[in-house]
Amino acid sequence: MSKESPALKGLNPKQQEAVQTIDGPVLILAGAGSGKTRALTHRVAYLLEKGVAPENILAITFTNKAAGEIKERVQKLIKSQRTPLMGTFHSLCVRILRMNADKVGYGKNFVIYDSDDQKSLVKQIMIEKGFDPKKTAPNAILGRISWAKNKMIGWKKFKDQYGEEDFYNKTVTAVYEDYQQSLQKFNAMDFDDLIMLTVQLLKKDKNTAEKYQKLFKYILVDEYQDTNMSQYELVKILSEKYKNLFVIGDDYQSIYGWRNADIRNILNFEKDYPNAKIIEMTQNYRSTKKIIEAAQHIIQKNEDQRHKKLWTENDDGQTIKIVEVANEREEGKYVIEAIKKSQGRGIKLKDTAVLYRTHAQSRAIEESFLKANIPYKIIGGVKFYERREVKDILAYLRFISNPEDIISFGRVYNIPPRKIGKVSYNKILAEYQKKIPVMQVLEDSDYPAFHLLHALLKGFMTKSEEYSVTKLAKHILDRIAYKEYLDPTGKSLDGQARWENIQELFTVTKKYDKEKPREGLAKFLEEVALIQETDKLDKGSDVVTLMTVHSAKGLEFPQIFMIGMEEHLFPHARSIMEPKELAEERRLCYVGITRAMRDLHMTFCRQRTIFGSSENTLPSRFLLELPGHLVDFQQDTSVDEDDIVYYS
DNA sequence: TGGGGGACCTTTTTT
DNA sequence: AGGTCCCCCA
């Protein structure tokens, strides 16, 4: 080990190899807790140390938070004025597209639609085209469109390939075309477009492609097992010139197949990049031997994986607690009691996370925490940026930023109520189809309510040229009397909470107040569109974290509770029929178990309330697979007094 | 026009 | 059980 190199300090031999192999394609198979982030960070530092210019390094991570952390840690290792470009696939693509929007037929101030916006647009199109959104779920259509985009199949190609198939595909074909053209007309992109359009751009325009290929001499991709085909293509094109491509991941932790991630990207890496170097990192630094062994038991049943064995020098540790309870309330009680006991052993609340398979489980467990007065935070669920009040104000800002955005207008026109109903809105929509801008329609109308709205919005647009984002947002709230709209009496708890959410939004807008007004607004809207829930997770406050297993990926906690370990819930009912999906549930379970450093509790209920009615349940097959010497089974026979339990 | 009330449908995971 | 959608009345 070179003493001079801080980038190589404190690494095991495998990690050192990963850091030092800088030329050509490299695949790191990094088991859970094997120091993946560490290897990535040190590799960036090592490149800088070797004199590679920061702008020639591109690091793609799964979340913006991960990017931020790596940035921070790199700076601790090596002092550099400029930092390499680090971010998610989506943020990288936005960056490229902002500079080249005209080349793909968009204006450079395009907006990004979230799933809500997508859904309203699809619904609108379905109705126009005479499809019944109740018969064919808009989400199903969107799922198919997303699938196509992830496979780089645009609407024309989709029409050629699937346009004549079954009714479902015919519907998708019809909607897809309109959907895509509407997006372009609105100057809006959905998440999948960001990647697809970037790849299309680079394929079409060799000069642009070459520019980025020359720029990104060293490319690093984290969580490679969760990349989809369009992302795979993007990476392939960008790395074509220098082929200094470093990917890191773990096929055991591939849990985004439903989002069209393709596990074959990691399984076939050396086929795609023939002289690739492959390094396995299998020493785990996170968990006890028992936890590792349990995880290994779960995962080894999967075929079609790169079989590797995780090992650790850590202690044996405690046995895993498996707990049977009567129902969700008892489950909550068990979790609370166990947490209280663990506090006695010096485990802090922030050292603990409760993981569940579905968001629907969060409500019951949340109630237990409320009742016990133990502070907690929930990651995900109804996300901050999807809350009604936040979306309302964002819709105003988005429409001001981009008056073509009729979906945002659809949110704005009658909030708060100003006597413009669906009928009037449809008139505007009809005019809009004839390519008359919304603002024009409002102005030309002889309906007074339209004039008022026009004046209001026009005023906002003028102010947006001179006001900072915060000032503009406050101005809007003030002018539309939003606070009064939320809570006319000032007494409802709900209204207060909503108003507080809006106040919280200002902590984000403030970051952009120093920018030029319009630019600050655009940047703010962009951050909001791409932010992730786990990005907000800060280690500061001493509270228990509640989240789905998916959200827990990449995190670790001394104490983990996996609740609802029941058949049909985990593995989920929707996955049981399909071996591929079942394999993914298994990997998800593996991810959950390997989040735990020392203590792991897994609970299951005999009965669970599903859609309001109580159903009998069976323990998860995953629990039954754990060998006896690793687990400590505990049956909680106490029941609520009015619960009668039948259990066979 | 919009709010209230009832029917009905929902729950997988999210950038 | 809870949210959403739709219809009808004021």
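It should be noted that the structure appears before, not after, this text.
These numbers were taken from a predicted model, which means no experiment stands behind them. (Residues numbered from 1 in each chain as written. Chains lettered and ligands numbered in written order. Predicted model: local features only at pLDDT ≥ 70, side-chain atom pairs only at ≥ 80, totals over all residues. Heavy atoms only, no water.)

Q: What is the right way to look at the packing of helix 17 (residues 388–401) against helix 21 (residues 448–463) in this model?
A: Angle between the axes and distance between the axes are the two parameters that describe a pair of packed helices. At their nearest, the axes of helix 17 and helix 21 sit 9 Å apart, and the two run at 75 degrees to each other. As summarised for this structure, helix 17 and helix 21 are arranged roughly perpendicular, according to the angle between their axes. Two secondary-structure elements touch here, helix 17 through Tyr 396, Phe 399 and Ile 400 and helix 21 through Leu 457, Phe 460 and Met 461. For the contact of helix 17 with helix 21, the per-class residue count stands at six nonpolar, no polar and no charged. (Axes fitted to C-alpha atoms, helices over the stretch in contact; angles between N-to-C directions. Helix = DSSP H or I, 4+ residues; strand = E, 2+ residues; numbered from the N terminus. Parallel < 35°, antiparallel > 145°, perpendicular 65-115°, else oblique. Contact = heavy atoms within 4.5 Å. Nonpolar A, V, L, I, M, F, W, Y, C, P; charged D, E, K, R; others polar.)

Q: What is the right way to look at the sheet that holds strand 8 (residues 277–281) in this model?
A: Paired through their backbone hydrogen bonds, the strands of a sheet run either parallel or antiparallel. Within the open sheet, the six strands sit side by side as 3-2-6-7-1-8. Their pairing is parallel. Of all the strands in the sheet, just strand 3 (85–87) and strand 8 have a single pairing partner and so form its edges. Looking at each pair of strands side by side, their axes are set apart by 10 degrees on average, direction ignored. Where strand 6 (residues 218–221) lies against strand 7 (residues 245–249), three bridges are found, and the strand directions are parallel. Bridge pairing in strand 7 places Leu 220 opposite Phe 246. Lying over the sheet, helix 4 (residues 89–100) contacts strand 2 (57–60), strand 3 and strand 6, oriented at roughly 130 degrees with respect to strand 3. (Pairing = 2+ DSSP bridges.)

Q: For this particular structure, what's the right way to read the pairing of strand 2?
A: If a strand is regular, its side chains alternate between the two faces of the sheet. By the alternation rule, side chains of strand 2 split into Ile 57 and Ala 59 and Leu 58 and Ile 60, which are all buried. Where strand 2 and strand 6 come together, four bridges link them in parallel fashion. The residue bridging Ile 57 from the neighbouring strand is Tyr 218, located in strand 6. In terms of strand pairing, strand 2 meets strand 3 through three bridges, oriented parallel. Residue Leu 58 lies in a different strand from strand 3, and its bridge partner there is Leu 85. Running through helix 3 (residues 64–77), the crossover from strand 2 to the neighbouring parallel element strand 3 is right-handed. (Buried < 20%, exposed > 50% of the residue type's maximum accessible area, 1.4 Å probe, protein only. Right-handed = clockwise from strand over helix to strand, strands pointing away.)

Q: Before we go on, may I ask you to explain empty space enclosed by the protein in this structure?
A: A complete count under the given rule lists two cavities of 30 Å³ or more for this structure. Taken as a whole, the largest cavity holds about 100 Å³ of empty space. Taken together, Arg 98, Asn 109, Phe 110, Val 111, Ile 112, Arg 398, Ser 401, Ala 522, Leu 525, Glu 526 and Ala 529 make up the full set of residues lining the largest cavity. Here the element with the most residues in the lining of the largest cavity is helix 25 (residues 517–530); it accounts for four residues. (1 Å grid on protein atoms, 1.4 Å probe; cavity = no way out; pocket = protein on both sides within 12 Å on 5 of 7 lines; lining within 4 Å. Points joined across faces, edges and corners; volume = space filled by probe spheres on them.)

Q: Sorry, what's going on with the side chain of Asp 117 here?
A: Along the polypeptide, Asp 117 turns up in helix 5 (residues 115–128). For Asp 117, a relative accessible area of 6% translates into the label buried. Sequence-distant contacts of Asp 117, that is, excluding residues within four places in its chain, are made with Ile 112, Lys 391, Arg 398 and Ile 407.

Q: Quick question: what am I supposed to make of the sheet that holds strand 13 (residues 376–378) here?
A: The strand order 13-14-12-15-16-11-19 describes an open sheet built from seven strands, whose pairing is parallel. Lying at the two open borders of the sheet, with one neighbouring strand each, are strand 13 and strand 19 (631–635). Going from strand to strand, the sheet's axes swing by 20 degrees on average, the running direction of each strand aside. Inspection of the sheet shows strand 12 (residues 352–356) paired to strand 14 (residues 544–548) by four bridges, in the parallel sense. When the sheet's bridge partners are listed, Leu 355 is paired in strand 14 with Met 547. Strand contacts of helix 16 (residues 362–372): strand 12, strand 13 and strand 14, with the helix running at about 165 degrees to strand 13, the strand carrying the most contacts.

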